[in-house]
Amino acid sequence: LLMVGALTDANAIGRRNGFQAAAKKCADIKIVQTLPTNWDPTTALNGVTNAFQANPKINAIFDPSDYLLPAVVSALKATGHFQPAGNPAHVVVVTIDGDNNGCFALRSKWIDADVATLVGSFGPSAVDAILAAGSKPKVVQIPGLTLDRQNYATTHAQVWGCAVPPNGFKK
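Bear in mind that the values here come from a model prediction, so they are computed numbers and not experimental data.

Caption draft 1: Quick look at the overall build of the protein. Counting its secondary structure elements, the protein contains 6 helices and 6 strands. Helices (α) and strands (β) of the protein occur, in sequence order from the N terminus, as β-α-β-α-β-α-β-α-β-α-β-α. Dimensions of the protein, computed from C-alpha atoms along their principal axes, come out at roughly 55 × 30 × 30 Å. Within the span of the protein, comprising 171 residues, buried residues form 40% of the whole. When contacts within the protein are restricted to residue pairs at least 6 apart in sequence, long-range pairs at least 24 apart make up 67% of them. In the structure as shown, the protein presents an accessible area of about 9500 Å², 57% of it carried by carbon and sulfur atoms. A gap of 5 Å separates the mean positions of the 14 positive and 11 negative side-chain charges of the protein.

Caption draft 2: Spatial organisation of the state of the cysteines. Overall, the coordinates contain 1 disulfide when judged by the stated rule. The side chain of Cys103 participates in a disulfide bridge whose partner is Cys162; the two sulfur atoms lie 2.1 Å from each other. Across the S-S bond linking Cys103 and Cys162, the dihedral sits near -75°, which makes this disulfide left-handed. Taken together, the residues span a long stretch of sequence, with Cys103 in helix α4 (residues 100–107) and Cys162 in the segment after α6 (152–155) at a distance of 59 residues. Both residues of the pair, Cys103 and Cys162, count as buried.

Caption draft 3: Main features of the packing of aromatic side chains. Inspection of the entire model under this criterion finds 3 aromatic pairs. With a centroid separation of 4.7 Å and 20° between ring planes, the pair formed by Phe19 and Phe62 is classed as stacked. With Phe19 in helix α1 (residues 10–24) and Phe62 in strand β3 (residues 60–63), the pair connects residues that are 43 residues apart, well separated along the chain. Phe19 gets classed as partly exposed once you look at its relative accessible area, which sits at 23%. On the basis of an interplanar angle of 85° and a centroid distance of 5.6 Å, the ring pair of Phe104 and Trp110 is categorised as edge-to-face. Through pairs of rings, three or more aromatic residues link up here, namely Phe82, Phe104 and Trp110.

Caption draft 4: Structural detail: unusual backbone geometry. If you check the backbone angles, Asp97 has positive phi at about 140° while not being a glycine. In this structure, Lys109 takes a positive phi of about 65° despite not being glycine. Locating Lys109 in the fold gives a position in the loop between α4 and β5 (113–116).

Caption draft 5: A look at the pattern of salt bridges. In the structure shown here, the tally under the stated rule is 2 salt bridges. For Asp112, the salt bridge goes to Arg149, with nearest N and O atoms at 3.4 Å. On the criterion of sequence distance, the pair formed by Asp112 in the loop between α4 and β5 and Arg149 in the loop between β6 (145–148) and α6 is long-range, its members being 37 residues apart. Note on Asp112: relative accessible area 16%, which makes it buried. Among the residues examined, Arg149 registers a relative accessible area of 30% and is labelled partly exposed.

Caption draft 6: Highlighting the nonpolar core. Counting 31 residues, the largest nonpolar core has Leu1, Met3, Val48, Ile61 and Leu76 as its most contacted members. Among the elements of the structure, α2 (41–54), α3 (69–78), α4 and β6 are those that each provide at least two residues to this core. Counting residues per element, this core draws most heavily on α3, which supplies 6 residues. When neighbours within four sequence positions are excluded, Leu1 is seen to be in contact with Gln33, Leu35, Val48, Ala51, Ile58, Ala60, Ile61 and Phe62. Counting 5 residues, the second-largest nonpolar core is a separate cluster that includes Leu2, Val4, Ala12 and Phe62.

Rules behind the numbers
Residues numbered from 1 in each chain as written. Predicted model: local features only at pLDDT ≥ 70, side-chain atom pairs only at ≥ 80, totals over all residues. Heavy atoms only, no water. Helix = DSSP H or I, 4+ residues; strand = E, 2+ residues; numbered from the N terminus. Buried < 20%, exposed > 50% of the residue type's maximum accessible area, 1.4 Å probe, protein only. Contact = heavy atoms within 4.5 Å. Areas by Shrake-Rupley, 256 points an atom, 1.4 Å probe, with all protein chains shown as cover. Lys, Arg positive; Asp, Glu negative; His and termini not counted. Charge placed at Lys NZ, Arg CZ, Asp CG, Glu CD. Disulfide = S-S within 2.5 Å. Phe/Tyr/Trp six-rings, centres within 6.5 Å; stacked < 30°, edge-to-face > 60°. Salt bridge = Lys/Arg side-chain N within 4 Å of Asp/Glu carboxyl O. Core = buried A, V, L, I, M, F, W, Y, C linked by side-chain atoms within 4.5 Å.

The following block contains the structure:
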């Protein structure tokens, strides 16, 4: 299941396009549904729930933001698909942002990876872009940091949301 933020948002489109480009290189990945969410948790909850009702064998979700993660978890619980990593019935979930929900879900084995946005790089990169561009606007892309259970111990200190206590996730 490929979730997309708002179809009018450059970040959402970039995340969708990046996922699709990478997925094309993997013969094992078949996108059974693309779900526009408009960055709305209720739309995400209903969409994920409906996707599982239509395709109960979905085994992976690309969630474009940790902001929507509570809605994804609620939909997985409602459809009987919420199992921790390691359980044969686990649905792989990968999300983006590295906020406190994502870090907590990763530590709790509810998701498999979170591509963290390194917010500390935004300001310096913006200043560099302004100085380099002069009067011409310039788009700067900052790579994310993939955080997963294998590298969590060595990378979590770099992720802004891992330092914040979890909020909104309960077993």
